[in-house]
Amino acid sequence: MKKDQLAELSAPYRQYVRRKWGFVAICAAVMALACLASLAAGSAGLSLGQILGALVGYGSRETLTIIWNVRMPRIAAAVVVGAALAMSGCVMQNVLRNPLASASTLGVSQGASFGAAVAIICLGAGSQINSGGASAALTISNPYLVTACAFLGGMATTVLILALSRVRGVTPSTMVLAGVAISSMFTGGTTLVQYFADDVMVATVVYWTFGSLGRAGWQEIALIGLLCLLALAFFLFHRWNYNAMESGIHTARSLGVPVEFLIPASMAVCALIASVSVAFVGCISFIGLIAPHIMRVFVGNDYRFLIPCSAMAGAVLLLASDIACRILIPPVVLPIGALTSFLGAPLFLYLIMKRGSVK
């Protein structure tokens, strides 16, 4: 075949790749604009000039404190947590062949909630600042203990799913059913632990499950960000394998994809980043479920582009949710976990009705 014929045949593919990379650049620009909008949102009423000045180190002490100590950590937490949850949901949906798979639907979040409840109630990580009946102030006296137990609970869910799947072989249906059963078990365990606790401890557990981006400091954000980058590298390294998995496990195996390794390894990485995220900020639902489906509308099922686009979409969704939490009833900051659940469910139903079915 002549060179001009090869060039003619490859031209549509090059155009396809350029178009997809162009959309990746658009996603990055939208995420940057969302970060800037989040910097401007709040009851302090800062102008754009004050914000830009504070970013380069100029401005009053109050302005610098608001930008760097209050808003920037929330924005960084929203970016890394949203990206982690969205990437984990995207890959889980692929390897499990289930469009409803995510950290919240497979029990990782429920396992983390159980671990947090055990830490707060059984290990004394929750406390009451003052005695005032209904006006008593609640706090988590040992956040690192709560974080460690929540992480262990989330990872325990994945370990149990993988262990049970090994009994009958690594099949996606086994993992999904195991996740549903274990999720129910951890939810029941959390309810049982709360039943034997006093009102203050129960209220502290409920407060933790609301979810809050303000809990994570720069050290925690750096840890989540590092794990996110490592997970992204792992996922992109196997991007062609995920593309092959779209045709089914047997087809992927015939193409040389190490299915027996890829499924449990991908699940473990997804559970790791989701568990760490939930452990530091609490339960945030629907981000990992809805973000990949939104991006599939624009980039399809090519995981070279779907994985990074899903990560940025998750970050944008969480940033937008955080902005809404701060501006709906100022100066009250609404719980972000409740808002993502409230807004995510109808959006997901809309996508199902629009497309007819989730593919």
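In short, a report on the structure. (Residues numbered from 1 in each chain as written. Predicted model: local features only at pLDDT ≥ 70, side-chain atom pairs only at ≥ 80, totals over all residues. Heavy atoms only, no water.)

### Structural notes on the overall build of the protein
Next up, step 1: Per the secondary structure count, the protein includes 14 helices and two strands.
Next up, step 2: Looking at the protein as a whole, 50% of its 359 residues qualify as buried.
Next up, step 3: Approximately 16,700 Å² of the protein is accessible, and the part contributed by carbon and sulfur atoms is 69%. (Helix = DSSP H or I, 4+ residues; strand = E, 2+ residues; numbered from the N terminus. Buried < 20%, exposed > 50% of the residue type's maximum accessible area, 1.4 Å probe, protein only. Areas by Shrake-Rupley, 256 points an atom, 1.4 Å probe, with all protein chains shown as cover.)

### Describing the nonpolar core
Next up, step 1: If you look at the biggest cluster of nonpolar residues, it comprises 84 residues, and the most contacted ones within it are Phe235, Tyr242, Ile284 and Met295.
Next up, step 2: Take this core: its biggest share by element is 18 residues, from helix α3 (residues 61-95).
Next up, step 3: The residues contacting Tyr242, other than those within four sequence positions of it, are Val91, Asn94, Val95, Phe234, Phe235, Leu262, Ser266, Tyr303 and Ile307.
Next up, step 4: In terms of nonpolar packing, the next biggest core, distinct from the first, is built from 18 residues, Ala116, Ile121, Cys149 and Trp208 among them. (Core = buried A, V, L, I, M, F, W, Y, C linked by side-chain atoms within 4.5 Å. Contact = heavy atoms within 4.5 Å.)

### A look at a nonpolar patch on the surface
Next up, step 1: A grouping of Leu36, Leu48, Leu52, Leu55, Val56, Tyr58, Trp68 and Trp218 is seen on the molecular surface, where their side chains present a nonpolar patch of about 800 Å² in accessible area.
Next up, step 2: Broken down by element, the residue count for the nonpolar patch peaks at three residues, all from helix α2 (residues 48-55).
Next up, step 3: By the element assignment, Leu48 lies in helix α2. (Patch = residues over 30% accessible without salt bridge, like charges linked within 9 Å, V, L, I, M, F, W, Y side chains within 5 Å. Salt bridge = Lys/Arg side-chain N within 4 Å of Asp/Glu carboxyl O.)

### So, the pattern of salt bridges
Where charged atoms from two side chains of opposite charge come close, those side chains can pair.
Next up, step 1: This structure, assessed with the given rule, holds four salt bridges.
Next up, step 2: Here Asp322 makes a salt bridge to Arg74, at a shortest N to O gap of 2.5 Å. Of this pair, Asp322 sits in helix α13 (residues 303-327) while Arg74 sits in helix α3; the two residues are 248 residues apart in sequence, bridging distant segments of the chain. The residues Asp322 and Arg74 share a single accessibility class, namely buried.
Next up, step 3: Across the pair Asp322 and Arg326 runs a salt bridge, and its minimum N-O distance is 3.1 Å. With Asp322 and Arg326 both in helix α13 and four residues apart, the pair spans about one turn of that helix.
Next up, step 4: Residue class for Asp322 comes out buried when judged on its relative accessible area of 0%.
Next up, step 5: Within the structure, one salt-bridge network assembled from shared partners comprises Arg74, Asp322 and Arg326.

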